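An overview of the molecular structure
These are the residues of each chain, in order.
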Amino acid sequence: MRPPCRGNTSKLISLMSGSLRPRAADRLRRHMQGCPGCREAFERLTKTQQLCRELGEEELPSLPWRKIEAQVYWRLAHTEGEPPARPFSRLLAFAGAATVGALAALVVVWVLGPRWAVAPRHATPVVVSRPVPPAPVAERELAAVPTMIQGDVQLIDESGSSSALRLDRPVTQGSRVATAAGARAALQWLEGSGLLLSSSSEVEIRRLMSRTQQLELERGSVRLRLARLPAGGRFAVEARGVRTVVQGTVFNVAIAQSTVDVEVYQGLVRVEPTRGGWTDVEVPSGFGVRVPFDAKVAPTISRLRGGHPTAHVHLVRWPDLARMMASTGLLTLESHPSGADLMLDSTLVGNTTLSLRGDPGRHLVELYQDGKLLDKRWVELEGPESKTIRIRPRDTMIRLPERIHRYIKQRAVQIRSCYERHLKRNPELSGKLTFRITIDANGEVTNTDLLTDTFGDSRVGQCAQIVIQRWAFPPGKAVQVVYPFIFRPQ
Amino acid sequence: MRQTARNTGELVLGCQKGERTAQSEFYRKYRDEVARIAYKVLGPDSDLEDIVQDVFVEVFRSIDRFQGNAKITTWLYRVCVNVALQKVRKRKRRPEGHTVEKDDFPTFETPLRALERKDSARIVYRILDDIAPKKRAVFILHEIVGMSSKEIGKVVGANVLTVRTRLHYARKEFYHKVLQAELYGERSTTGTGAGAGQ
């Protein structure tokens, strides 16, 4: 490229933007007729401007909208009240100002110091520093995440409006969760802390903060597993005037016909009246207590029958939950023939099994995730009891390991050449290839399945499959990835 | 069960009360617009999914501060541009080719011409990365998104004269760099494969 004349670049830019005065513009145009360097530069500038405008018309890449939405709610529920991260530049500015201030203060002290030194030589020693009590940790509002929903479970918000509980919608304080007959739900709000609500039960999440949590059982039974709370923390469940206070344990609270029953499987709980009338009772592991609704005297504790029953509460590893919630909480189900009474009886977050219940017979079940078909199969239901089926996890499709993605991207040109070779023969050729690629820990491709081929010409798929089989990924965890390649002629 | 669509005022009010249904409706209504602006400001080498998420988290957290003095879309663009510029600043502090590697757009799935255009887009955004964020925002909103100076002023919270001044300097800087970097020379090297296929 020949450079434009010295000092003309700014004028060329102004000419292109239309901000050059008419006379100067005419002069420059005349100059360009005889100056190839300026002419070429101007052409390039206008081409670039055109390119910028074309960028404005470019189509957006498709995004997983529902997943993003779920993650937004998750973050809102878990970080509400936290101050936004301070930009680094502001911190730097603050640090700079502080340093300047400190230096100025030092100079002032150095200059004026001797004149201030009027204190007697044997003055009372001054306490330079005193032990500072640790600052109280701010309470943070939590949200409970449904980890298992079985049957009809309703979420009732503070205004009283109810909707079906969903795996991708966290439950905040002030809400109530109600299960119908035969339904169950599990919620989790911290690592190791959660509840399992039995059928025909209702619980109100009154307070759900990082240190203090309080539930009220309205009816039915709830089983709780609680991780040890921080110092000063408190967890309480209230039910018909009976408060059960704990520090970290596994226990069950149930409202029976005329009593509140508390059973303790691990740790120690304290059972106390909410409005007085009787003294507190401590219930150790393996014991239970039955408190009548109108109790006037302290109830006596009794050993649980069967010793320590297994108290299962569906808890999952906390750091994985956000991802799992976003990936499994969006499942929808369609069955054929349509109109058949078939429902997702139980959905476990992050799990690969689904429980189905419905009319006996043979159903073609289609599972959609994010509006896309995830799985399709025939399911035979024999009776009213639910049937569990395994589904393929989709996590690998959502979050592809960076090393794999980068590698495929770098070598995508090889796949493209398969397409282009056939495009020369058929200019209308277009389609999609989806491969399931199994990669071992050494990075070797052990298996390649062509899941989708919409070309109508199997040669493109075969060529791509041969190419992929030759790939050697960087070593790492063994994974199975599903990767789509879409080709369209212009 | 489908709810009837609410008007924007009701929707904003619902979001200010923290109603999940209102937030959901608001998200569905404006997500494309947010993604479009974020994509234009940050370019093809950005993690658009994360940006959209950040914008809506910021929107729902700060919607209480929306007084109704401006159009909701203007306010939304402002949040979007601010979040995007924060990303730009962050990226500038970590310039070790991170953004180039994190490419979420499989170049092979588009036709050759689009592929070539995407490479050009990359070069455009690489040049924009060297321009100060405020000037960059004004340049993109004007030259790529196609907004007027008045609209840009509302979005970036500056008067029209300031916007025009920024735009003037941004243009000058950008096109100077374009000529310096011999843009089309770079394009022809990156687009060799594409050209051969055509």
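Criteria and thresholds
- Residues numbered from 1 in each chain as written.
- Chains lettered and ligands numbered in written order.
- Predicted model: local features only at pLDDT ≥ 70, side-chain atom pairs only at ≥ 80, totals over all residues.
- Helix = DSSP H or I, 4+ residues; strand = E, 2+ residues; numbered from the N terminus.
- Buried ≥ 20, exposed ≤ 12 C-beta atoms within 10 Å, placed from the backbone.
- Contact = placed C-beta atoms within 7 Å.
- Expected span 1.5 Å × (residues − 1).
- Pairing = 2+ DSSP bridges.
- Axes fitted to C-alpha atoms, helices over the stretch in contact; angles between N-to-C directions.
- Core = buried A, V, L, I, M, F, W, Y, C linked by C-beta atoms within 7 Å.
- Parallel < 35°, antiparallel > 145°, perpendicular 65-115°, else oblique.
- Left-handed = near helix turned anticlockwise from the far one by under 90°.
- Nonpolar A, V, L, I, M, F, W, Y, C, P; charged D, E, K, R; others polar.
- pLDDT = per-residue confidence, 0-100.
- Arc of directions from axis to C-beta.

Section: the overall build of chain B
Across its full length, chain B holds 11 helices and zero strands. Each helix (α) and strand (β) of chain B, taken in turn from the N terminus, gives the series α-α-α-α-α-α-α-α-α-α-α. Relative to its 198 residues, chain B shows a buried fraction of 41%. Within chain B, counting contacts between residues at least 6 apart in sequence, those at least 24 apart form 69% of the total.

Examining the overall build of chain A
A count of helical and extended segments in chain A gives nine helices and 26 strands. Here chain A, with 490 residues, has 28% of them falling under the buried criterion.

Brief notes about helix H9 (residues 160-180) of chain B
Counted at 1.5 Å a residue, the expected span for H9(B) with its 21 residues is 30 Å, and the 30 Å between its end C-alpha atoms agrees. Taken together, the buried positions of H9(B) are B:Val163, B:Arg166, B:Leu167, B:Ala170, B:Arg171, B:Phe174, B:Tyr175, B:Val178 and B:Leu179.

Brief notes about the sheet that holds strand E15 (residues 281-284) of chain A
All names here are of chain A. Read from one edge of the open sheet, nine strands run E3-E2-E4-E7-E8-E10-E11-E14-E15, paired in mixed fashion. At either end of the open sheet lies a strand with only one pairing partner, and these are strand E3 (162-164) and E15. In this sheet, adjacent strand axes meet at a mean angle of 25° when their direction is disregarded.

Considerations on the pairing of strand E5 (residues 184-190) of chain A
Residues and elements named next belong to chain A. Counted residue by residue, E5 has five buried out of seven residues, so it is predominantly covered. For strand E1 (residues 145-150) and E5, the ladder comprises five bridges, and the chain directions are antiparallel. Directly across from proline 146, in E5, lies its bridge partner leucine 187. Alignment of E5 against strand E6 (residues 193-197), held across five bridges, turns out to be antiparallel. Note on E6: the bridge partner recorded for glutamine 188 is glycine 194.

Here's the deal with the environment of A:Val479
All names here are of chain A. The residue valine 479 is located in strand E26 (residues 479-487) in this model. What makes valine 479 partly exposed here is the crowd of 16 C-beta atoms within 10 Å. Sequence separation of valine 479 and threonine 438 is 41 residues, and the distance between their C-alpha atoms is 6.1 Å.

Describing the environment of B:Gln86
Along the polypeptide, B:Gln86 turns up in helix H4 (residues 72-93). For the pair B:Gln86 and B:Pro133, spaced 47 residues apart in sequence, the C-alpha to C-alpha distance is 8.7 Å.

Let's talk about the nonpolar core
Among the nonpolar cores identified, the biggest contains 67 residues, and B:Val34, B:Ala38, B:Val52, B:Val55, B:Cys80 and B:Ala84 are the most heavily contacted of them. When residues no more than four places from it in sequence are discounted, the contact partners of B:Val52 are A:Leu63, A:Ile68, B:Arg31, B:Val34, B:Ala35 and B:Ala38.

Here we look at the pairing of strand E9 (residues 221-225) of chain A
All names here are of chain A. Across the five residues of E9, five count as buried, placing the element largely inside the fold. Residues Ser221, Arg223 and Arg225 line one face of E9 and the alternating positions Val222 and Leu224 line the opposite face, and both faces are buried. Sheet analysis places E6 next to E9, joined by four bridges and oriented antiparallel. The residue of E9 that forms the bridge with leucine 196 is arginine 223. Where E9 meets strand E12 (residues 250-255), five bridges bridge the pair, whose relative direction is antiparallel. Residue pairing in the sheet places serine 221 in a bridge with alanine 254 of E12.

What about the sheet that holds strand E25 (residues 445-453) of chain A?
For sheets, the rule is that strands pair by backbone hydrogen bonds, running either parallel or antiparallel. Residues and elements named next belong to chain A. Taken in spatial order, the three strands line up as E25-E24-E26 in an open sheet, and their pairing is antiparallel. One side of each edge strand has no neighbouring strand; the edge strands of this open sheet are E25 and E26. Direction aside, neighbouring strands of the sheet carry axes that sit 20° apart on average. Relative to E25, strand E24 (residues 431-439) is paired through seven bridges, and the arrangement is antiparallel. Across the sheet, the residue bridging to phenylalanine 435 is leucine 450, located in E25. Helix H9 (residues 458-470) contacts E24, E25 and E26 of the sheet and is inclined by roughly 160° relative to E25.

Observations regarding the packing of helix H2 (residues 20-42) of chain B against helix H3 (residues 48-62) of chain B
All names here are of chain B. At a minimum axis distance of 9 Å, the contact between H2 and H3 shows a crossing angle of 130°. Compared by their axis directions, H2 and H3 come out oblique. The crossing of H2 and H3 is right-handed. Across from Gln23, Tyr27, Arg31, Val34, Ala35, Ala38, Tyr39 and Leu42 in H2, the residues of H3 making contact are Leu48, Ile51, Val52, Val55, Phe56 and Phe60. Each residue belonging to the contact of H2 with H3 can be placed in one class, and the counts come to 12 nonpolar, one polar and one charged.

Quick word on the confidence of the model for chain A
Residue and element names in this part refer to chain A. In this model, chain A carries an average pLDDT of 72, and 67% of its residues clear a pLDDT of 70 or more. Of all secondary-structure elements in chain A, the lowest mean pLDDT belongs to helix H7 (residues 395-398), at 36, while strand E4 (residues 176-179) reaches the highest, 94. Throughout residues 80-94 the model reports pLDDT below 50, and contacts reaching past four residues in sequence, or to other chains, amount to eight contacts. Segment residues 338-352: pLDDT under 50, and 50 contacts once partners within four positions in sequence are set aside and those in other chains are kept.

A word on H9(A)
Turn by turn, an α-helix covers 3.6 residues, leaving residues three or four places apart pointing in a common direction. Residues and elements named next belong to chain A. Its 13 residues place the ends of H9 19 Å apart at the C-alpha level, agreeing with the 18 Å of an ideal helix rising 1.5 Å per residue. Where H9 is concerned, the buried positions are Val460, Gly461, Ala464 and Ile468. Buried residues along H9 cover an arc of 95° about the axis, so they all sit on one side. With respect to the buried face of H9, the exposed residues turned more than 90 degrees away are Ser458, Arg459, Ile466 and Arg470. Considering only its buried residues, H9 is in contact with helix H8 (402-425), E24, E25 and E26.

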